[in-house]
Amino acid sequence: VPCAAISRCAGTRRRMALDGAAPLHTVLARDYLPTVLKDKKALIDRLKTLAGVLRELEQTDEHELYAPTASALAALRTHADEDVRLLVACCLADVLRIYAPAAPFDADVLHQVFRLFIAQLRGLADPTAPRERQKRLEYLLERLALVKAFVLLIELDLLGEITELTDALFAAIRVEHSIKIEAAMHDILYSLLDELESVPAPLLTRLLRPLHGPAGNKPGGPRESGNGPAAQLARRVLRSAEGLLAPVVSEYFTLLLFGGADVTDGAADGEGDNEEEEGDDDSEDVLRNRGKRGKTATAAGGKKKSHKRGVSIALEESGIGADGAAEERTLAGTHTLVLELATCAPSLLASVLPRLELQLRAPAEGQRLTACRLLARVFAANDEARGNDKDDSSGNESSPTVPPPLSGAPVAVCYKELYESFLSRTHDVAEPVRLAALEHLPGQLKALARAAAGALDGGGGGGGDGTAATAARLGIAAISAARERLLDPAETVREAAVLALCDWAAEAGPSALPEGTLKELADRARDRKKRVADVARSRLSELYRAHADAGARGGREGVRAAQAVSILPAALLAGRRADCAAGLLEAEGVLDALLPHTPLERAKALAALHTGLDPSGRALLAGLVRQKARSQAALRAWVDAKDAAAAGGGAGGKGTIVALLKGRGGNAAPALSTSDLLVTQARELAVTLAPQGDAKAAAAHAQLWRSLGASRNARIGRALRALATPSTDLESARAMGTELRVLVKTHLTAPELAALDSATRALTPSVVWVGMAAAALRPLLRLTGRGPEEEEEEE
């Protein structure tokens, strides 16, 4: 043994002597392991000792001392016991470290050693393994990552083992693993990508597969959702290797998205292709080494192959294009991948996204629809998900150069011409395409607004515009495109435009919409299609309730929001007639949606709303209050007549209909029987509550009140009396209406039940009631020093 090698082990010998372990020359002796092969326990003990020794040894260029040990370990790589194989793998990992950069074995043995490593790393996926075994597996992984051992697979031209290793790592990673484990897996995968001259398509397929989620899983591969630990590892590797992967990603997605289109057509479209063109041959696709390891570069061997052919082979192996269903599934999975890459590594799509403009302008509706749906999600992708942990080596000079997007800018700003072309699809002749162009608009506006506000890093955009200016211009263009679709001939497109603009106003505040937009949205509340009108009224009412009192809470933005929504009540009430029952009913629905439900807050909001109404809106509010009072008065007269008829009161006596008529200024002569007066009051009540001009509804109302007049149920009587009392608040009135319907639903016909629902709506004080006004006035009365009795009298 050379003296230099022995002297390097002096520190190790001293530590072993202090620990009471076997001497170094004994552990590294030629017969240290072979003599105990038949005794598994003794073999495991010696392997543990050897592992501890090798862990402490330093790297050296003189390998004679370790050659016998390396040979003995290599012979044990196929041992039947799994614990022995794991210890052997740990020892061999340290042997590779000591020998680096040289290899301790010939190509065949080294191949089998790496197969042992891959098999052992699969054990990381087992959460039930003993703790001691898990620690050894983690040690093995970290050692192999430290010395970049798997780079030797490139020199050995072992593409199958590289893809198998990638599958094993993605399958093994678990949520419970520490950051160190994920970092070691990342380092192994990145070191392989960094050493490859170009990334073969099968390896790219393995890197992208975890992002597919369940639909992208294959037998034998990792099966998890797109948000699991394997997907997080894949995103981290893709971010680190953006520059290394860009050429193959471009070709890969060009074939997936554009079918048989020639990828060399990019020059005509202003897109770049690979600068190197290599001839095709019929040999297998091989890995090409970067030539960074000069001494062993010739180990790769084989003929080089066209990159395009490598992608095609990978697609064929995936079954792409086998049938229509498989093609559809492939397209959906491709869109998922494009969206993922736009989120975590948008530079990879620098040559892919611009080519989608061809699909946006394709004659076939299906192609335009597919492109719109994909780009809508890509432009709304949340770039905040991108980490700041890019590996510096991704900018290596030997890496292929791609036009990088603006640092941190949203995708729409990076590809503003494509985004403008996408927005033009809101004028597409096909309704589904226009609808798809409006999807995810709030997400797009959010990314653009963040850039326009300067929250992102600045950068030079195209045409001399800065990132913020470009983002602001694109945001205005997107809102304008949605505003134009508010008058679209298709109901679904108008509804989508309303939802997109209202969602954005709810996200960013009403003042984020250009002047006049809220008025245009309020016009859709009178849309000829009930579905569109209901959506517009509901969303705008929510917006008003959220921001009507924002000015009182302080802040410049709050004041601006309150001013922006102040036009909504008048705009939503516009076009409703105060002299028409239907108009009053619509106005009631609008006001009820605009106001909060608690008495005090409702009173304050109603006072603020009233001051902002125009004369026609105030006339509607006054007409609604008068109509409620007339309805309740008619019901009170009917209830009194019913009670008098039930008590058998005589004509003209106290509490009879005659007395009631006198009290109302009516002519009491000639006196009528209580039963006749009850019929008369039922007829008047039906006329008051039934919609005008609807004979069937009037007949149903008349029959309803005749049926209820014959009832002797005291609970029905109490519910009707509560609905007729002006002091009943909104919640109590609604509760009484619900109870009344439950009591009579088995005794009335369907038309009568519909009439009851209509009457309940007409009688419920949905806008203003006495108790609400009292709640608003009570704090003022307390300020004047009035007592409780005076407060009651004032109420």
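Residues numbered from 1 in each chain as written. Predicted model: local features only at pLDDT ≥ 70, side-chain atom pairs only at ≥ 80, totals over all residues. Heavy atoms only, no water.

**Some details on the overall build of the protein**
Just so we agree on the cut-off: In this description a helix means any DSSP run of H or I spanning at least four residues, a strand means any run of E spanning at least two, and both kinds are numbered starting from the N terminus. For every residue, the accessible area obtained with a 1.4 Å probe (protein chains only) is divided by the maximum for its type, and the residue is called buried under 20%, exposed over 50%, and partly exposed between those limits. Contact definition: two residues touch when any of their heavy atoms are within 4.5 Å. For every accessible area listed, the method is Shrake-Rupley and the probe measures 1.4 Å; residues are considered covered only by the protein chains on display.
Within the protein, the regular secondary structure consists of 39 helices and two strands. Within the protein, the fraction of its 795 residues that count as buried is 50%. Pairs at least 24 apart in sequence give 71% of the contacts found in the protein among residues at least 6 apart. By element, 53% of the accessible surface of the protein is carried by carbon and sulfur atoms, the whole surface being about 36600 Å².

**Structural notes on helix H10 (residues 159-172)**
Put simply, the rule reads: One fewer than the residue count of a helix, multiplied by 1.5 Å, yields its expected span.
The terminal C-alpha atoms of H10 lie 20 Å apart, and with 14 residues this matches the ideal 20 Å at 1.5 Å per residue to within 8%. Within H10, burial applies to Leu159, Glu161, Ile162, Thr163, Leu165, Thr166, Asp167, Ala168, Leu169, Phe170 and Ala172.

**Focus on the pattern of salt bridges**
Note the threshold: Salt bridge, as applied in this entry: a Lys or Arg side-chain nitrogen positioned within 4 Å of an Asp or Glu carboxyl oxygen.
All told, the structure shown has 40 salt bridges when counted by the stated rule. With a shortest N-O distance of 3.7 Å, Lys180 and Glu142 are connected by a salt bridge. Pair noted here: Lys180 is in helix H11 (residues 179-195) and Glu142 is in helix H8 (residues 131-146), with a separation of 38 residues, a long-range link. Using a relative accessible area of 54% as the deciding quantity, one classes Lys180 as exposed. Two residues, Glu495 and Arg531, come together in a salt bridge whose shortest N-O distance is 2.9 Å. Taken together, the positions of Glu495 in helix H24 (residues 491-508) and Arg531 in helix H26 (residues 530-547) put the pair 36 residues apart, joining distant regions of the chain. According to the relative accessible area criterion, Glu495 is buried, its value standing at 11%.

**Points about the side chain of Ser711**
The cut-off we apply is this: Two N or O atoms count as a polar contact when they lie within 3.5 Å, although within protein this holds only if one can serve as hydrogen donor and the other as acceptor, and sequence-adjacent residues are included solely when both atoms are side-chain atoms.
Structurally, Ser711 is set in the loop between helix H34 (695-709) and helix H35 (714-724). What makes Ser711 buried here is its relative accessible area of 16%. Of note is the side chain of Ser711, whose polar atom sits 3.2 Å from the backbone nitrogen of Asn713. Discounting residues that sit within four places of it in the chain, Ser711 has contacts with Lys642 and Ile716.

**Quick notes on the confidence of the model for the protein**
Keep this limit in mind: Within a predicted model, pLDDT stands for the predictor's per-residue confidence, ranging from 0 to 100.
Averaged over every residue, the pLDDT of the protein is 76; the share at 70 or more is 74%. Across the protein, the secondary-structure element scoring lowest on mean pLDDT is strand E2 (residues 288-289), at 38, and the one scoring highest is helix H21 (residues 431-438), at 95. Below a pLDDT of 50 lies the segment residues 260-324, which in the model reaches 115 contacts outside its immediate sequence neighbourhood of four places, other chains included. The low-confidence segment residues 650-669 (pLDDT under 50) makes 20 contacts with residues lying over four places distant or belonging to another chain.

**A look at the nonpolar core**
Definition in use: We call a set of buried residues a nonpolar core when its members are Ala, Val, Leu, Ile, Met, Phe, Trp, Tyr or Cys and they connect through side-chain atoms within 4.5 Å of each other.
Phe117, Phe150, Leu245 and Phe253 are the most contacted members of the largest nonpolar core, which has 183 residues in total. At 13 residues, the largest contribution of residues to this core is made by helix H6 (residues 82-99). Ignoring any residue separated from it by four or fewer positions in sequence, one finds Phe150 in contact with Phe114, Phe117, Ile118, Leu121, Leu144, Leu165, Ile188 and Leu192. Counting residues in each nonpolar core, the second largest holds 31 residues, with Ala682, Leu685, Ile716 and Ala733 among its members.

**Overview of the packing of aromatic side chains**
Any pair of aromatic rings gets described here by the distance separating the centres and the angle formed by the planes. The condition is simple: By convention, a stacked pair of Phe, Tyr or Trp rings (six-membered ring in the case of Trp) has centres within 6.5 Å and planes under 30 degrees apart, an edge-to-face pair has planes over 60 apart, and any other such pair is tilted. For a Lys NZ or an Arg CZ to count as sitting over a ring, it must be within 6 Å of the ring centre and within 35 degrees of the ring normal.
Counted by the stated rule, this structure contains eight aromatic pairs. Taking 5.8 Å as the distance between ring centres and 80 degrees as the angle between the ring planes, the aromatic pair formed by Phe114 and Phe117 counts as edge-to-face. Residue Phe114 and its partner Phe117 are both found in helix H7 (residues 107-121); the two are separated by three residues, about one turn of the helix. No difference in accessibility class separates Phe114 from Phe117, as the two residues are buried. Note on Tyr252 and Phe253: the rings are 5.5 Å apart at their centroids and 80 degrees apart in plane angle, and the pair reads as edge-to-face. One exposure class covers both Tyr252 and Phe253, and it is buried. Just above the ring of Tyr139 sits the side chain of Arg55; from NZ or CZ to the centre is 4.8 Å.

**Brief notes about the environment of Ala582**
Relative to the helices and strands, Ala582 resides in helix H29 (residues 581-594). Overall, the relative accessible area of 43% leaves Ala582 in the partly exposed class. With 109 residues separating them along the chain, Ala582 and Pro691 place their C-alpha atoms 7.3 Å apart.

**What to know about the packing of helix H20 (residues 416-423) against helix H23 (residues 467-484)**
Axes are the key here: two packed helices are described by the angle between their axes and the distance separating the axes. How we decide: All axes here are fitted lines through C-alpha atoms, helices being fitted over the stretch that makes contact, and every angle between N-to-C directions spans 0 to 180 degrees. Between 65 and 115 degrees an angle is taken as roughly perpendicular, under 35 as roughly parallel, over 145 as roughly antiparallel, and anywhere else as oblique. Residue classes follow a fixed rule: Ala, Val, Leu, Ile, Met, Phe, Trp, Tyr, Cys and Pro count as nonpolar, while Asp, Glu, Lys and Arg count as charged, and any other residue, Gly among them, counts as polar.
Across the interface, H20 lies against H23 with an axial gap of 10 Å and an inter-helix angle of 10 degrees. The angle between the axes of H20 and H23 places the two elements in the roughly parallel class. Between H20 and H23, the residues in contact are Lys416, Tyr419, Glu420 and Leu423 and Thr470, Arg473, Leu474, Ala477, Ala478 and Ala481, respectively. When the residues that make up the contact of H20 with H23 are grouped by side-chain class, the tally is six nonpolar, one polar and three charged.

**Here's the deal with the packing of helix H18 (residues 365-379) against H21**
Contact pair H18 / H21: the axes reach a minimum separation of 8 Å and the direction vectors enclose 10 degrees. Judged on the interaxial angle alone, H21 and H18 are roughly parallel. In contact with Glu365, Arg368, Leu369, Cys372, Arg373 and Ala376 of H18, H21 contributes Pro432, Val433 and Ala436. Per-class residue counts for the contact of H18 with H21 are six nonpolar, no polar and three charged.

**Comments concerning the environment of Arg560**
Along the chain, Arg560 falls in helix H27 (residues 556-565). Linking Arg560 and His547, residues 13 residues apart in sequence, is a C-alpha distance of 9.5 Å.

**A word on unusual backbone geometry**
With omega at 5 degrees, the peptide bond leading from Ala100 into Pro101 counts as cis. Note on placement: Pro101 falls in the loop between H6 and H7. Positive phi, normally seen in glycine, also occurs at Lys148, with a value near 50 degrees. Here Lys148 shows up in the loop between H8 and helix H9 (152-155). The class for Lys148 is partly exposed, based on a relative accessible area of 49%. The backbone of Asp157 sits at a positive phi, close to 60 degrees, despite the residue not being glycine.

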